[in-house]
Each structure stands twice: as C-alpha cells, then as structure tokens.
Amino acid sequence: MYNKKSHITHSRLHSRRRRRFLGKIFIFLISVAIILFSISFISSLSLFSIHNINIIGVNDDLAESLRSNIDEQLQGKYWHLFARKNFLIFPRTEIEKGIRGKFVQIEDVSISLSDTHTLSVNISERKPYALWCGDKVLAVISDKNKCFYLDKNGLIFGETASSSDDYLVFFGEIDKKENPIGGHLSNQAIIYGLDFFVESLRSLSMKPVSVFFAGNGEIDVVLEKGPKLILSEILPFDTALDNLQYIMRDSTIGWKNNSISSSVSYIDLRFGNKVFFR
C-alpha cells in the first residue's frame, strides 16, 4: 500500500541532507579562499620581500643592467596570488636562466640569499679566446673592420672596441646572419682541437695569426711567417700535428730553424699520412 506521508518525509530528509552537503562544500571553499588570501597577503609583506640585489664580478654598467633585469623578473605574483619577491619562493632558477639567455657575455651565474632581504648574484663573464672578423678572409684587419670576441666554445659574445687586440683571428660562416652575437662559429670539439693545434705550433716557435673555416670541412691556418696549413675537421688535429713535425725534418722542403722556404705556399695535412705541399 502506497504511503504518501512516508514519501514526503523521505523527500524532505534527502533535501535536508543535500543542503547540508552543499553547505559544507561552501564553507570549505570559503575556508580555502580565506587561507589562500591570507597566504597571498603574508607573502607580499615587506617583512618577507627582497629589497636589495648585490651584483658581484662585473663592471658597474653591466651590474646596473643585471639589477634591472632581476628586479623585473621579481615583479608580479605566481598565479596572481603569491609574491615572486618573497625570499622563500623567489624564482631563482628562472632568473639564472633569464640572465644567461639575455646576457650572452655571461658564462655562469649563481644566486643566493645574503639575508632575508638581499640577493647576492655572482657573475662569471666569458673570456675572449680569439676574434671573429667575418665570413671572408681579410688580408689586413683595421679598426674599420667589425670584429667580435669568440670564446673557446666557438660562441661569439661581444663586439670589440678595437681590432688591434693581440688575438688569433677567425674567419668563416656562423649560424646567425643578422646579429653575430650569440652565434656559433663551430662546435666545441673542433675549437678545442684547434686550440691544441695552435698552442702546439707556438711551442714550435711558429706564430698562427688567423684561422679560416673555408667550408666542406676545410680549415686554413695562416702563419705570420711560413706557408698556409690546411687541416680537416674530420682528421684528428694531433695526427695533423704529428705529420707536420715529421715533414719539418724533411730537408727537401727547405725547413730550417722552424721556418720554411718562401717557395712553399701551403702544406696540406688533410689526408692522414699523405702530406701535400707546393
């Protein structure tokens, strides 16, 4: 037999439970919102904020540029809630990555807290290894030619104020066409190999003055006195050096006192134990 009164009572009980459940959800959401708002407010308090940025290891002009860049990255909030300037949650890795991306001349950056209000930023700048003066060889380099600093990784990181610096000069195409800064001349392994070859030449009282990446894997090393040395990107540089030292003992090419007859214009060291010269 259908009991209408029992059905109404059950319906009211279900409705009451539903309102109670929704009420609990509402109270929970309000509580979460209050907690988030409180944390957001606390995170923005001056007591927990970074106010000072100390830059160590660079000149004043670069330090000021870095300080402005870091201060800009500290502005705003995570998810519009938590202050990025808070010393507990400031974006250390993001700032370091941003500095490396924008300031090509910087090789390494390390950020730490001196105290709750002060960032200490230690900077290491790239050291010039050579100059890059364009994709085509220049017989004479003057201040009219635009040259750039090149580090041992093959990275171009800054324009020179003068082309008279006493550096080895590189020529060759890079992977950036418009602004050379940030471009690479070659890969790190080849630059390291060339550094070994060049230093070995100097130990033999020869003075390399320029290196030209001629294309198709050919590298030309020009000496201040002596023939052009032709290398290969594929053949190990220590093999090329061994072959060069071997022919230095060959009287047929007129090598004497670490210099060579002016009749020899080049020595081709690209073909393993076969050495060609003319």
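Scroll up for the structure.
The paragraphs below set out a description of the structure included in this document. In this text the structure is predicted, and so the values were computed from the model without any measurement.

Focus: the pairing of strand E14 (residues 274-277)
Strand residues, when the strand is regular, have side chains that alternate between the two faces of the sheet.
Line of reasoning, step 1. Sheet analysis places strand E13 (residues 266-271) next to E14, joined by three bridges and oriented antiparallel. The partner of Asp-268 across the bridge, within E14, is Phe-276.
Line of reasoning, step 2. Taking the residues between adjacent antiparallel strands as the criterion, E13 and E14 are bridged by two residues, where Gly-272 takes a positive phi near 65°.

A short note on the packing of helix H2 (residues 60-73) against helix H3 (residues 92-102)
Line of reasoning, step 1. For the pair H2 and H3, interaxial distance at closest approach is 10 Å and the crossing angle is 135°. When the interaxial angle is binned, H2 and H3 end up oblique. The two elements H2 and H3 cross, and the hand of that crossing is right-handed. For the pair H2 and H3, contact is made by Leu-66, Asn-69, Ile-70 and Gln-73 and by Glu-94, Ile-95, Gly-98, Ile-99 and Lys-102, respectively.

Digging into the state of the cysteines
Line of reasoning, step 1. Counted by the stated rule, this structure contains one disulfide.
Line of reasoning, step 2. Through a disulfide, Cys-133 is tied to Cys-147; the S-S separation comes to 2.1 Å. Here the disulfide of Cys-133 and Cys-147 is right-handed, its torsion about the S-S bond being about 115°. Residue Cys-133 is found in the loop between strand E6 (130-132) and strand E7 (148-150), and its partner Cys-147 is found in the loop between E6 and E7; the two are separated by 14 residues along the sequence. The pair Cys-133 / Cys-147 is uniform in exposure class, with both members buried.

Considerations on the environment of Leu-194
Line of reasoning, step 1. Here Leu-194 lies in helix H4 (residues 188-203).
Line of reasoning, step 2. Separated by 43 residues in sequence, Leu-194 and Phe-237 place their C-alpha atoms 7.0 Å apart.

What to know about the sheet that holds strand E8 (residues 156-159)
Line of reasoning, step 1. In space, the nine strands of this open sheet follow the order E8-E7-E6-E9-E10-E11-E12-E13-E14, with mixed pairing throughout. This sheet does not close on itself; its edge strands, each paired only once, are E8 and E14. Shown here is a sheet whose adjacent strand axes are inclined to one another by a mean of 25°, direction ignored.
Line of reasoning, step 2. In the sheet, strand E11 (residues 218-223) pairs with strand E12 (residues 228-232) via four bridges, with the strands oriented antiparallel. Residue pairing for E12: Asp-220 is matched across the bridge by Ile-230.
Line of reasoning, step 3. Across the sheet, H4 lies against strand E9 (168-171), strand E10 (208-215), E11, E12 and E13, angled at about 145° from E10, the strand it touches most.
Line of reasoning, step 4. Contacting E11, E12, E13 and E14, helix H5 (residues 237-248) crosses the sheet at an angle of about 135° to E13.

About the criteria used
Residues numbered from 1 in each chain as written. Predicted model: local features only at pLDDT ≥ 70, side-chain atom pairs only at ≥ 80, totals over all residues. Heavy atoms only, no water. Pairing = 2+ DSSP bridges. Helix = DSSP H or I, 4+ residues; strand = E, 2+ residues; numbered from the N terminus. Axes fitted to C-alpha atoms, helices over the stretch in contact; angles between N-to-C directions. Parallel < 35°, antiparallel > 145°, perpendicular 65-115°, else oblique. Left-handed = near helix turned anticlockwise from the far one by under 90°. Contact = heavy atoms within 4.5 Å. Disulfide = S-S within 2.5 Å. Buried < 20%, exposed > 50% of the residue type's maximum accessible area, 1.4 Å probe, protein only.

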